[in-house]
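Topology and contacts: notes
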Amino acid sequence: IQQQFDINVFGPMRVSRAFLPGMRDRRSGLIVYVSSVVGRLVLPFGGVYVSSKWALEALAEASSYELAPLGVEVAIVQPGAYGTNISNSRVDPDDTERLGGYADVMPLAANIFGALSAAAAGRDSREVADAIFALADQPAGTRALRTPVPAHPAVAAINDAVGQIQRQSLVDFNVSELLPKEFAR
C-alpha cells in the first residue's frame, strides 16, 4: 500500500513542490497531474490503486483552489484503460494464505481485468500526452480542472455532478474567491 501511494500520491506532490516556488514567484504556471478514471470510479479488486488515485485527485483539486489566487493553475488528466506496463509491475500479496478466503470472488477479478484489457485494445497512449499538451496550449483561465482521456461519459457526469456540489460547498464555507472566476458568481 505504501509503495502504491509513494508512486501515485507522494511522488507527484514532491515534484510539484520542487517547482512551485518559481511559479508562485512568477504568479503563473500550470501543474498537470495524471490520475485515472478510477480516481472517480471504484473498481473492486484494485482498492489500493484506486484509493491512491482518489487521494491524488483530492490533493490536486485542493491545490487548484489554494493556488488559483497565486496565478497557478492545476489540471487533472484522467486516462482510461491503455496498454501499459502496469500489470507487469503488480505486486503480489505477501499473505497468500489469506487469498484462499477470497476464492469465491476471484473469478470476478478476472472479469474486470479482462474488460480493462479489452477497453485498452487499439488505444494509443499518446492520446494522454496529447491531452496534456492541449491543456498546456490553452490560454490561462480556460482550462478544465479534469479531462478524461478518452472522453468517458460516466466520468464526465461524475465530474460535473461532484463539481457542482464542490463549488456550492466552497460558497457555503465563504471561500468562493478560490473558485475559478466563471464559478464564483
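Now for a quick tour of the structure. Values in this document were obtained by computation on a predicted structure and should not be read as measured data.

Cut-offs and rules
- Residues numbered from 1 in each chain as written.
- Predicted model: local features only at pLDDT ≥ 70, side-chain atom pairs only at ≥ 80, totals over all residues.
- Heavy atoms only, no water.
- Helix = DSSP H or I, 4+ residues; strand = E, 2+ residues; numbered from the N terminus.
- Buried < 20%, exposed > 50% of the residue type's maximum accessible area, 1.4 Å probe, protein only.
- Contact = heavy atoms within 4.5 Å.
- Areas by Shrake-Rupley, 256 points an atom, 1.4 Å probe, with all protein chains shown as cover.
- Lys, Arg positive; Asp, Glu negative; His and termini not counted.
- Charge placed at Lys NZ, Arg CZ, Asp CG, Glu CD.
- Core = buried A, V, L, I, M, F, W, Y, C linked by side-chain atoms within 4.5 Å.
- Expected span 1.5 Å × (residues − 1).
- Arc of directions from axis to C-beta.
- Pairing = 2+ DSSP bridges.
- Axes fitted to C-alpha atoms, helices over the stretch in contact; angles between N-to-C directions.

**Let's talk about the overall build of the chain**
Counting its regular elements, the chain contains six helices and three strands. Listed by position from the N terminus, the elements making up the chain come as α-β-α-β-α-α-α-β-α. Its C-alpha atoms give the chain principal-axis dimensions of about 55 × 35 × 35 Å. Per-residue burial over the chain gives 28% buried out of 185 residues. Long-range pairs, those at least 24 residues apart, make up 69% of the contacts in the chain with a sequence separation of at least 6. In the structure as shown, the chain presents an accessible area of about 11500 Å², 59% of it carried by carbon and sulfur atoms. For the chain, the centre of its 16 positive side-chain charges and the centre of its 19 negative side-chain charges are spaced 6 Å apart.

**Topic: the nonpolar core**
Within the largest apolar cluster, 11 residues are counted, these being Met-13, Leu-20, Met-23, Ile-31, Tyr-33, Leu-56, Ala-60, Leu-67, Val-72, Val-74 and Ile-76. Of all the secondary-structure elements, those providing two or more residues to this core are helix H1 (2-26), strand S1 (29-34), helix H2 (47-67) and strand S2 (72-79). Leave out the neighbours within four places in its chain, and Ile-76 touches Tyr-33, Ser-35, Glu-57, Ala-60, Glu-61, Leu-145, Arg-146 and Thr-147.

**A short note on helix H6 (residues 153-172)**
If you check H6, its first and last C-alpha atoms are 29 Å apart, about what 20 residues at 1.5 Å a residue would give, namely 28 Å. Of all the residues in H6, the buried ones are Val-155, Asn-159, Gly-163 and Leu-170. Buried positions in H6, seen along its axis, are confined to an arc of 70° and lie on one side of it. Pointing more than 90 degrees away from the buried face of H6 are the exposed residues Pro-153, Gln-164, Ile-165 and Asp-172. Among the structural elements, H2, S2 and strand S3 (146-149) are those in contact with the buried residues of H6.

**Regarding the sheet that holds S3**
One open sheet accounts for three strands, arranged S1-S2-S3; its pairing is parallel. The two strands at the open ends of the sheet, each matched to only one other strand, are S1 and S3. For this sheet, the mean angle separating the axes of adjacent strands, direction not counted, is 25°. Here S2 pairs with S3 via four bridges, running parallel. In the strand pairing of S3, Val-77 is matched with Thr-147. Sitting on the sheet, H2 touches S1, S2 and S3, and the angle it makes with S2 is about 155°.

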